[in-house]
Amino acid sequence: MLAAAKRVLVTGGAGFLGSQLCDRLIADGHDVLCLDNFFTGHKRNIAHLFGHDRFELMRHDVTMPLYVEVDEIYNLACPASPIQYQINPVQTTKTSVHGAINMLGLAKRTGAKVFQASTSEVYGDPEVHPQPESYWGQVNPIGPRACYDEGKRCAETLFFDYHRQNQVRIKVARIFNTYGPRMDPNDGRVVSNFIVQALTGKPITIYGDGKQTRSFCYSDDLIEGFIRLMDSPDGVTGPVNLGNPGEFTMIELAEKVIALTGSKSKIIHEPLPTDDPRQRRPVIDLAKSALGWEPKVDLETGLKRTIAYFDSLLAEG
């Protein structure tokens, strides 16, 4: 039986994850206001929802105030890959900080619950492995990635200060590497890079020696984590790590993609970018205990689905 319909705002709703969240919320019977400035979002991700009586699209930048009536807010607005967020680093910081202030102000006025899509990047290049929520991180505050890393850290600070000072009901998720359909083929993330390179027969680019590790969570699993965190009791504020604790080197990922695509692409190596983390794997004990959540989709299954999406996207030209 569907729960009572809620009015839900999703910022960054035309993005890779935002659009999938819109789909899930509508499937669950809620009214969705999708907000996006289309800096990195795409109309193709939400085109199938145009005309749906429970879906509304608004072109708006979260750095500007917003006055709407909603019951829940999912704040996903922010470029999320180094290529995207380094195009305009000042705007990236503003999106995280001003966006948080504006969404928290909206939540304070309306009494809405507000969800912050934070990131494992708050842990920086970690000295603790794997990373629990209690780890404070090691971030370079003046490096080229700081606009995103420190912007998200400041957003978390604002969320907890609004919670303590104004009793705003908050939910903070720290998202680890996530992949799946609707990723932008040009976003520079490792999974999309490898798949597009493999499908087009281009060399697969590994930065550094390829021994750095990441944990890859399929998007369906992550969206389920979002919903469970938002629906949890008010005392569960987070931050909560959401990610897949399976850990793979970049070389292992590249070899999997080559095998699954049947590609003849060769692996080439380029210099490691500044401040690129060496290791990344979440401790998800809190998500398991507080939300009853853990990922279900293994890497091979998720990659097959993602490869099929990119295959069809590339075929469309």
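Preceding block: the structure.
Read on for an overview of the structure. (Residues numbered from 1 in each chain as written. Predicted model: local features only at pLDDT ≥ 70, side-chain atom pairs only at ≥ 80, totals over all residues. Heavy atoms only, no water.)

1. Remarks on the environment of Gly-13
Link 1 in the chain: Relative to the assigned elements, Gly-13 resides in the loop between strand 1 (7-11) and helix 1 (16-27).
Link 2 in the chain: Along the sequence, Gly-13 and Leu-33 sit 20 residues apart, while their C-alpha atoms lie 8.4 Å from each other.
Link 3 in the chain: Apart from residues lying up to four places away in sequence, Gly-13 is in contact with Gly-18, Ser-19, Cys-22, Cys-34, Leu-35, Asp-36 and Ile-46. (Helix = DSSP H or I, 4+ residues; strand = E, 2+ residues; numbered from the N terminus. Contact = heavy atoms within 4.5 Å.)

2. Notes on the packing of aromatic side chains
Link 1 in the chain: Evaluated as defined, the whole model comprises 7 aromatic pairs.
Link 2 in the chain: Ring centres of Tyr-123 and Phe-176 lie 6.1 Å apart, and the angle between their planes is 40°; on these two criteria the pair is classed as tilted. Of this pair, Tyr-123 sits in the loop between strand 5 (113-119) and helix 4 (146-166) while Phe-176 is found in the loop between strand 6 (170-175) and strand 7 (178-179), placing the two residues 53 residues apart along the sequence. As far as burial versus exposure is concerned, Tyr-123 and Phe-176 are alike and both buried.
Link 3 in the chain: Here a set of aromatic residues connected by ring pairs shows up, and it is made of Tyr-74, Phe-115 and Phe-226. (Phe/Tyr/Trp six-rings, centres within 6.5 Å; stacked < 30°, edge-to-face > 60°. Buried < 20%, exposed > 50% of the residue type's maximum accessible area, 1.4 Å probe, protein only.)

3. As for the sheet that holds strand 5
Link 1 in the chain: Across the sheet, 7 strands lie side by side as 3-2-1-4-5-6-11; this open sheet has parallel pairing. The open sheet has two edge strands with one neighbour each: strand 3 (55-59) and strand 11 (240-242). Adjacent strand axes in the sheet meet at a mean angle of 20° when their direction is disregarded.
Link 2 in the chain: Of the pairings in the sheet, the one linking strand 1 to strand 4 (residues 72-75) comprises 4 bridges and is parallel in character. Pairing of Val-8 across the sheet is with Glu-72, part of strand 4. (Pairing = 2+ DSSP bridges. Axes fitted to C-alpha atoms, helices over the stretch in contact; angles between N-to-C directions.)

4. Thoughts on the side chain of Arg-145
Link 1 in the chain: When you line up the elements, Arg-145 lands in the loop between strand 5 and helix 4.
Link 2 in the chain: A polar atom in the side chain of Arg-145 sits 3.0 Å from the side chain of Glu-121. (Polar contact = N/O pair within 3.5 Å; in protein donor to acceptor, adjacent residues only side chain to side chain.)

5. Here's the deal with the packing of helix 5 (residues 190-199) against helix 7 (residues 250-261)
Link 1 in the chain: With their axes 10 Å apart at the nearest point, helix 5 and helix 7 run at an angle of 40° to one another. With respect to their mutual orientation, helix 5 and helix 7 come out oblique. Between helix 5 and helix 7 lies a crossing of right-handed hand. On helix 7, the residues touching Val-190, Val-191, Phe-194, Ile-195, Ala-198 and Leu-199 of helix 5 are Met-250, Leu-253, Ala-254, Val-257 and Thr-261.
Link 2 in the chain: A per-class count over the contact of helix 5 with helix 7 returns 10 nonpolar, 1 polar and no charged. (Parallel < 35°, antiparallel > 145°, perpendicular 65-115°, else oblique. Left-handed = near helix turned anticlockwise from the far one by under 90°. Nonpolar A, V, L, I, M, F, W, Y, C, P; charged D, E, K, R; others polar.)

6. Description of the side chain of Asn-45
Link 1 in the chain: Looking at where Asn-45 falls in the secondary structure, it is placed in the loop between strand 2 (31-36) and strand 3.
Link 2 in the chain: Leaving out residues up to four positions away in the same chain, Asn-45 has contacts with Ala-14, Gly-15, Phe-16, Ser-19, Arg-182 and Tyr-309.

7. Here's the deal with the pairing of strand 6
Link 1 in the chain: Most of strand 6 sits inside the fold, with 6 of its 6 residues counted as buried.
Link 2 in the chain: Alternating positions in strand 6 separate into two faces, Ile-170, Val-172 and Arg-174 on one and Lys-171, Ala-173 and Ile-175 on the other, with burial throughout.
Link 3 in the chain: As paired strands, strand 5 and strand 6 are joined by 6 bridges and run parallel to one another. Its bridge partner lying in strand 6, Val-114 is registered against Ile-170.
Link 4 in the chain: Regarding the hand of the β-α-β motif, the stretch spanning strand 5, helix 4 and strand 6 is right-handed.
Link 5 in the chain: Both strand 6 and strand 11 contribute to a ladder of 3 bridges, which runs parallel. The residue of strand 11 that forms the bridge with Ala-173 is Val-240. (Right-handed = clockwise from strand over helix to strand, strands pointing away.)

8. Side note on the nonpolar core
Link 1 in the chain: Judged by nonpolar contacts, the single largest core of 59 residues is most densely connected at Leu-21, Tyr-74, Phe-115, Val-191, Phe-226, Leu-242 and Leu-253.
Link 2 in the chain: Apart from residues no more than four positions distant in its own chain, Val-191 is found in contact with Tyr-179, Met-183, Phe-216, Leu-253 and Leu-303.
Link 3 in the chain: Judged by nonpolar contacts, the second largest core, of 25 residues, contains Val-68, Ala-100, Leu-158 and Phe-160. (Core = buried A, V, L, I, M, F, W, Y, C linked by side-chain atoms within 4.5 Å.)

That's the geometry; what it means functionally is another story.
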